[in-house]
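Here's the letter readout for the chains.
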There are 2 protein chains.
Amino acid sequence: MRSPIEESVLSAIRPVPAEKDHIAQIAARIMGAVAGKGIAAEPMIVGSVARGTFIHGDRDLDIFLLFDPSLSREELQDQGLFLARSIAEDLAERYCEKYAEHPYISATIEGFDVDLVPCFRVESASAIQSAVDRTPFHTRYISARITPLVDDVLLAKQFAKGGGVYGSDQMTEGFSGYLCELLVLHYGGFSALIEAAADWKPGTLIDLEVHRTKDFTEPLVVVDPVDGGRNVSAAVSLDRMYEFVELARGYLENPSCLFFFPPERPACTREELVSRLKVKGTFLYAISFATPPFIPDVVVPQLRRSMDSVRGLLERNGFAVHSAGCEMFEDRCLLLFELTADKVPNARLHRGPPLWNRTNADKFFGKYCAGDIPGLSSGPFIENGRYVVEIQRKYTDAADLLRSTEILEVGLGRHVRQSMELHWEVFSGGDCWSPDSATFLSGFIVRKSPLARIHAGRTDER
Amino acid sequence: MRSPIEESVLSAIRPVPAEKDHIAQIAARIMGAVAGKGIAAEPMIVGSVARGTFIHGDRDLDIFLLFDPSLSREELQDQGLFLARSIAEDLAERYCEKYAEHPYISATIEGFDVDLVPCFRVESASAIQSAVDRTPFHTRYISARITPLVDDVLLAKQFAKGGGVYGSDQMTEGFSGYLCELLVLHYGGFSALIEAAADWKPGTLIDLEVHRTKDFTEPLVVVDPVDGGRNVSAAVSLDRMYEFVELARGYLENPSCLFFFPPERPACTREELVSRLKVKGTFLYAISFATPPFIPDVVVPQLRRSMDSVRGLLERNGFAVHSAGCEMFEDRCLLLFELTADKVPNARLHRGPPLWNRTNADKFFGKYCAGDIPGLSSGPFIENGRYVVEIQRKYTDAADLLRSTEILEVGLGRHVRQSMELHWEVFSGGDCWSPDSATFLSGFIVRKSPLARIHAGRTDER
């Protein structure tokens, strides 16, 4: 028995018959085109279209081109790309070459995003030569089992999307479509998944084929049914896992369409940003630089690393960081730092050697016996058996530090560094605001879990 | 061979013959007075006068009244105090009863501070009933050995005095006169002591009689020659020990009279205090309350404890403490706190339970799902698997916190709390200044080791 809420959600997310027919036609055209090329490759529709688990309005179509595994990787690449490109030439409005583990063609055909991916037609999943070779096995595994549970998969995917935890990319660190399918299969339905997820513990292990061949350290482990050595949910971070958990708890307690179709994330105005900072009493700084010309899965981990490194730089210089964030936009990236103070004292304590290390202690005394801060003849003193001296800070203003070249000396990641070496800007307070960053800033200054956002949406509705 | 510097110091600190005669006369009068009372007590001169190691101008005279150890403690107390009081009645300009481990009489006789201390005449130091019984053994031990080294003891004592490390009281945590005597005896002279002290390591062990009966944990261990289970330098803190060490190093490198007669500690004016704080960029707060009516050795440890507790209170409330200090004056006590900021943001992060503790996590969410900071609908978010919420600080201004009654809730020590419960005041910046605290404040704001003070004195001399 499906609840009225879920029925109404399903009526909105189930693809309509005309949509299914349309996709089937496009797929058939592409399959026919492959056959017509006379190249020894077997086309296969994979992904949610093949499994019937796509959501109304999805415009993604994945077609894999399976080649004989006796080819070399170079031959596969040459022949595969040649075939994919020639199909795109015939059918696509536009296309480009992309690169995951192998190159493939990303084309737009009748408004659909079609990926044409060459791979090896291996005998078993244990014989794969690269990750793409595994995909056909996933499709076969799911297709053979999912038919009675298609609606449940749609609900699970939409639930994850609504909660902002759908997607295994580096920025989201969430739940892939395949993972949603496996979870529904394992628990036997959407409701059972939600019931179970509400009690997930770190280290929860799901192994549908009971064939795990190694230990996994990720907080959620779903062993790939086609590969006992792979965790399908390896990308799911602890926080994304528990955002799913709290959404499950919240849904069980008080189900609502809002879980599937959440209120839009608010974008604050510049004035709202300024007034929120005033209420909080914190100080906001943004570092902005041109987005490196690489895919998000390459750039985003570097942004996170840069954020952590700059956070360390700030704290080493006495600026306590209340919170930090980063975002990759089309044209530029932002590192955000919310500080508890914008200025720090000129004087800071500098701890020297213990006095029982006579050589170093003498050197330290010699260096600082006349003090370090102009206008303050403050020599070293002894604390816990060590020399300590008050020295002058290099930066007493956070903006000066962030504008200094010291920022290029910390661990930024190669592409971020290359971009910043050309140019970066520092904004503070209201000047951090811009139309493109308004939503991100709003969520950064007033942080909420997915469930808290839904609660706030409910309150607004009243 | 004594250096000209040391000879000139000795000529200033050696008691002159008339002084010695005068003290001997007073002592003889007191001894005669005891004999005339017909009470079975043997008077004994102890301390530096008995040993000939007192410094020119010292006005202390310790006379112990040794009773038969077969008396009970009550009998000793009754008879001893009766005898001491009756001598004071006869000879003293004024006197009062004081209390260390036992009561004794502190009298002023011909301008000298004379302590009349009843104790037991025990057979050996191992048979002592209280600490005062040990003193006659110390005097006998030193008197029998120190004659050839009296000048060296005078130099050692004056060196420790000049460096501010003389005295085993709770505020100083330094070197007692008896300890100086033992160090000179052990090393065979002042110069040898200075040579050795320059290389003291934590855990340095000196055991003149090679009869240590236990392990000591203090940084400097000088086993009492009359009691193998007692560390004469138990009161010496690690910092006082290493202040002595650095003075020894400085003296070896560049001997000067300044080590014995240091420049007076400067007292800053109110304007100097304000301008130094401005240069440092720090924020000064003072808590002032009436000095509890107890001796410094009772009050000072409570002041230190109070200082640490209030420091903890400040830091728990987000105020980073740059340095803290305390001082006991005649009429009032001060706790000083130098902060890196006088204000902190309204918002602070409050970490809640991990989400895998479902009961507590639900409770936390329920409490905070509408946010905590008025004007900011900030619900909890998830970080490292835990709920975190931004809540409003109770105090954003340090003075408000220090003026609140929360200060009475922290560990203050009994007498400090009793005094503060009646009244305390909070001052900030220049208002912390007063004539009585000017020297203490000057040393607090510009901290210097003893050697750094001497260096500064040298620079001033040029």
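Residues numbered from 1 in each chain as written. Chains lettered and ligands numbered in written order. Predicted model: local features only at pLDDT ≥ 70, side-chain atom pairs only at ≥ 80, totals over all residues. Heavy atoms only, no water.

### What to know about the overall build of chain A
Condition: We count a stretch as a helix when DSSP gives it H or I for four or more residues in a row; a strand needs E for two or more, and each element gets its number in order from the N terminus. The criterion used for residue contact is that any of the two residues' heavy atoms lie within 4.5 Å. Each accessible area is a Shrake-Rupley result for a 1.4 Å probe, and residues are judged covered by the shown protein chains and nothing else.
When helices and strands are counted, chain A shows 16 helices and 15 strands. Taken along the three principal axes of its C-alpha coordinates, chain A extends 85 × 60 × 45 Å. If you take every contact in chain A between residues at least 6 apart in sequence, the share linking residues at least 24 apart comes to 66%. Summed over all atoms, the accessible surface of chain A reaches about 19900 Å², with 50% contributed by carbon and sulfur.

### Considerations on unusual backbone geometry
Residue and element names in this part refer to chain A. Inclusion rule: We call a residue buried when its accessible area falls under 20% of the maximum for its residue type, exposed when it is over 50%, and partly exposed in between, using a 1.4 Å probe and counting protein chains only.
At E173, a position not held by glycine, the phi torsion is positive, near 55 degrees. Checked against the element boundaries, E173 lands in the loop between α6 (150-162) and α7 (177-187). Positive phi, close to 55 degrees, is recorded for N384, a residue that is not glycine. Within the secondary structure, N384 sits in the loop between β13 (381-383) and β14 (386-392). Judged by relative accessible area, N384 falls into the exposed class, the value being 57%.

### With respect to the domain arrangement of chain A
Put simply, the rule reads: Segment limits for the domains were obtained from an automatic or database-derived domain assignment.
Considered domain by domain, chain A is made up of domain 1 (14-133), domain 2 (147-259), domain 3 (270-343 + 397-461) and domain 4 (347-392). The straight-line distance from the C-alpha centre of domain 1 of chain A to that of domain 4 of chain A is 69 Å.

### Notes on helix α8 (residues 190-197) of chain B
Residues and elements named next belong to chain B. Where we set the bar: The arc in question is the one spanned by the directions pointing from the helix axis to the C-beta atoms.
F190, L193, I194, A196 and A197 are the residues of α8 that are buried. Taken end-on, α8 shows its buried residues confined to a sector of 165 degrees, consistent with a single buried face. Close packing links the buried residues of α8 with α1 (4-13), α6 (150-163), α7 (177-187) and α9 (238-253).

### Structural notes on the confidence of the model for chain A
Just so we agree on the cut-off: Known as pLDDT, the predictor's confidence for each residue is given on a scale from 0 to 100.
Looking at chain A, pLDDT values average 93 and 99% of them are 70 or higher. Taken over the whole predicted complex, pTM reads 0.86, whereas the ipTM for its chain interfaces reads 0.91.

### Structural notes on the interface of chain A and chain B
Rules: When two parts are brought into contact, each loses some accessible area as probed by a 1.4 Å sphere; the total of that loss over both is the buried area. We define a salt bridge as a contact between a side-chain nitrogen of Lys or Arg and a carboxyl oxygen of Asp or Glu at a distance within 4 Å. Contacts described as polar in this section are N or O atom pairs within 3.5 Å, which, within protein, must combine one atom able to donate a hydrogen with one able to accept it, while residues neighboring in sequence count only if both atoms come from side chains. Residue type decides the class: Asp, Glu, Lys and Arg count as charged, Ala, Val, Leu, Ile, Met, Phe, Trp, Tyr, Cys and Pro as nonpolar, and the leftover types, Gly among them, as polar.
Counting residues at the interface gives 54 residues for chain A and 54 residues for chain B. A combined buried area of about 4600 Å² lies between chain A and chain B, and 59% of that area is made up of carbon and sulfur atoms. The largest contributions to the chain A side of the interface with chain B come from W356, R358 and R447 of chain A, which together make up 15% of the buried area. The closest approach of N and O atoms between R447 of chain A and E383 of chain B, which form a salt bridge, is 2.8 Å. The interface formed by chain A and chain B contains 24 residue pairs in polar contact (both at pLDDT 80 or more). Only α9 (238-253), α10 (270-280), β12 (347-354), α12 (358-368), β13, β14 and α16 (450-461) of chain A provide two or more residues apiece to the side of chain A that touches chain B. Residue composition of the side of chain A that touches chain B, by class: 26 nonpolar, twelve polar and 16 charged.

### A word on the relation of the copies chain A and chain B
Taken together, a rotation about one axis and a shift along it account for how the two chain copies relate. Stated precisely, the cut-off is as follows: Copies overlap after least-squares fitting; the atoms used are the C-alpha atoms of residues with pLDDT of at least 70 in both.
Superposing chain A onto chain B takes a rotation of 180 degrees plus a shift of 0.1 Å along the axis, which leaves an RMSD of 0.1 Å. Such a combination of rotation and displacement between the chain copies is what one expects of a two-fold axis. It is A341 of chain A whose C-alpha, among those of chain A, lies nearest the rotation axis, at 4.0 Å. The share of interface residues of chain A whose copies in chain B are also at the interface is 100%, consistent with both copies meeting through the same surface.

### Concerning the sheet that holds strand β3 (residues 94-99) of chain B
Residues and elements named next belong to chain B. Where we set the bar: Being paired, for any two strands, means DSSP has found at least two bridges between them. Angles here are taken between N-to-C directions and fall from 0 to 180 degrees, while the axes themselves are lines fitted to C-alpha atoms, restricted in helices to the stretch in contact.
Strand order across the open sheet formed by five strands is β1-β2-β5-β4-β3, with mixed pairing between neighbours. Among the strands making up the open sheet, the edge pair consists of β1 (42-46) and β3. Across the sheet, the mean angle from the axis of one strand to that of its neighbour is 25 degrees, orientation sign disregarded. Summarising the sheet, strand β2 (residues 60-67) and strand β5 (residues 112-120) pair through eight bridges and their orientation is parallel. Paired with L65 across the strands is P118, a residue of β5. Those strands touched by helix α5 (residues 135-143) are β1, β2 and β5, and its axis lies near 55 degrees from that of β1.

### So, the pairing of β14 of chain A
Put simply, side chains in a regular strand alternate between the two faces of the sheet. All names here are of chain A. Counting buried residues along β14, five of its seven residues qualify, which places the element largely inside the surrounding structure. Pairing analysis gives six bridges linking β12 to β14, with the strands arranged antiparallel. Looking at the pairing, L349 lines up with E390 of β14. Pairing analysis gives three bridges linking β13 to β14, with the strands arranged antiparallel. By the bridge assignment for β14, F381 is matched with V388.

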